[in-house]
Amino acid sequence: MIACRRALPLLILTACAAPAADPRLLDRAYQRMYNFDFPGAHALIDQHVNDKPQDPLGYSTRAAALVFQELDRLRILQADFFLDDDRIAEKKKLRPDPKTRDAFYWATRQAQERADSILLKNPNDTSALFANSLAWGLTTDYAAFVEKRQLTSLSYAKTSHSYAKRLITVDKSFGDAYLTTGLSEYILGSLPFFVKWFVKFDDTKGSKQVAIENLKFAAKNGRFLGPFARILLAVAALREKKKPEARDWLHGLVRDYPENPLLKHELERLR
């Protein structure tokens with residue numbers, strides 16, 4: 001009994017001294033990412049992973065920061081790239097940074113392994129479903145835009161889409177999931193007919209109207225990917241020759257992420 005009484009104050013002091021995990025670290029990491037402060041984003045992700053090493057979303061977010069960083073370095077994020085289908089499809093070899101590539105695929109594997117482990121116990125875990133959808137979606141982007149493996153990337157996109165659909169079935173209000181389903185609709189609607197014949201996404205018809213509706217829902221309700229949905233809506237507006245609408249989306253993004261030089265550049269071009 002005496003030993004227990006002596007140990008109790010020590011336990012209280014230890015509990016008080018140990019800092020609680022910050023639940024908003026990933027929110028702050030995405031804020032830094034959208035401002036193109038990649039070192040700042042990685043520092044916050046490091047803190048989250050140290051606090052929650054088994055959380056798959058930390059590793060998916062790591063992969064997201066690495067993809068954004070590499071796309072920026074390779075000048076792929078400029079609007080002109082996404083407005084020119086020939087540039088997207090061309091097989092001109094890029095020079096990916098090998099360290100970034102290794103770190104990216106390592107992060108996606110860590111996210112997928114942890115998410116799969118959680119889903120074996122609880123198939124409806126929304127965080128794990130989102131982490132898997134995000135990891136596979138980022139793999140799609142890296143394969144398509146950096147490695148120029150467009151056809152292969154479609155299989156990754158289908159996997160990402162399937163997790164997003166499962167997530168929406170569990171929670172229809174999960175805004176971030178609608179970015180993936182919106183992209184699936186837009187991608188399928190943009191494919192040549194002979195490719196559509198072989199590529200099928202569950203519950204997806206290739207409607208650009210539905211794609212825009214999903215992206216707008218993600219833009220309004222997405223916790224992490226809402227700003228990215230707004231970027232995609234600006235690109236979609238430009239592709240449809242709706243410059244005033246694109247300008248409105250970019251104006252809001254520049255207001256919210258004033259440190260991002262690319263957003264400012266694209267807005268100035270439209271002006």
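Just so it is clear, the structure is predicted and the values come from calculations on it, not from any experiment.

Enquirer: How would you sum up the overall build of the protein chain? Please name residues and give values.
Expert: Scanning the protein chain from terminus to terminus reveals 15 helices and zero strands. When each of the 271 residues of the protein chain is scored for burial, the buried share is 50%. Put simply, 64% of the contacts in the protein chain that link residues at least 6 apart link residues at least 24 apart. Surface accessibility of the protein chain: about 14700 Å² in total, with carbon and sulfur atoms responsible for 57%.

Enquirer: Kindly report on helix α4 (residues 56–73), identifying the contributing residues and their values.
Expert: The first and last C-alpha atoms of α4 sit 26 Å apart over 18 residues, in line with the 26 Å expected at 1.5 Å per residue. In terms of residue burial, α4 counts as a mostly covered element, since 15 of its 18 residues are buried. Downstream of α4 by one or two residues, Arg75 has phi in the positive range, about 60 degrees.

Enquirer: Let's hear about the nonpolar core: which residues, and what values?
Expert: With 70 residues, the main nonpolar core has Tyr30, Met33, Phe104, Phe130, Leu179 and Leu225 as its most contacted residues. Sort the elements by how many residues they give to this core and helix α8 (residues 126–146) lands first, with eleven residues. In this view, Leu225 contacts Tyr30, Tyr34, Phe130, Leu134, Asp176 and Leu179; residues no more than four positions away in its chain are not counted.

Enquirer: Account for the confidence of the model for the protein chain, naming residues and giving values.
Expert: Averaged over the protein chain, the pLDDT score is 85; the fraction of residues at 70 or greater is 80%. Of all helices and strands in the protein chain, the one with the weakest mean pLDDT is helix α1 (residues 2–17) (42), whereas helix α7 (residues 98–121) scores best (98). Throughout residues 1–19 the model reports pLDDT below 50, and contacts reaching past four residues in sequence, or to other chains, amount to zero contacts. In the model, residues 193–198 has pLDDT below 50 throughout and makes four contacts with residues more than four positions away in sequence or in other chains.

Enquirer: Describe in detail the packing of aromatic side chains, supporting the description with residues and values.
Expert: Across all of its chains, the model carries 14 aromatic pairs by this definition. Members of the aromatic cluster, joined through ring pairs, are Tyr30, Tyr34, Phe68, Phe130, Phe174, Phe224, Phe228 and Tyr257.

Rules used throughout
- Residues numbered from 1 in each chain as written.
- Predicted model: local features only at pLDDT ≥ 70, side-chain atom pairs only at ≥ 80, totals over all residues.
- Heavy atoms only, no water.
- Helix = DSSP H or I, 4+ residues; strand = E, 2+ residues; numbered from the N terminus.
- Buried < 20%, exposed > 50% of the residue type's maximum accessible area, 1.4 Å probe, protein only.
- Contact = heavy atoms within 4.5 Å.
- Areas by Shrake-Rupley, 256 points an atom, 1.4 Å probe, with all protein chains shown as cover.
- Expected span 1.5 Å × (residues − 1).
- Core = buried A, V, L, I, M, F, W, Y, C linked by side-chain atoms within 4.5 Å.
- pLDDT = per-residue confidence, 0-100.
- Phe/Tyr/Trp six-rings, centres within 6.5 Å; stacked < 30°, edge-to-face > 60°.

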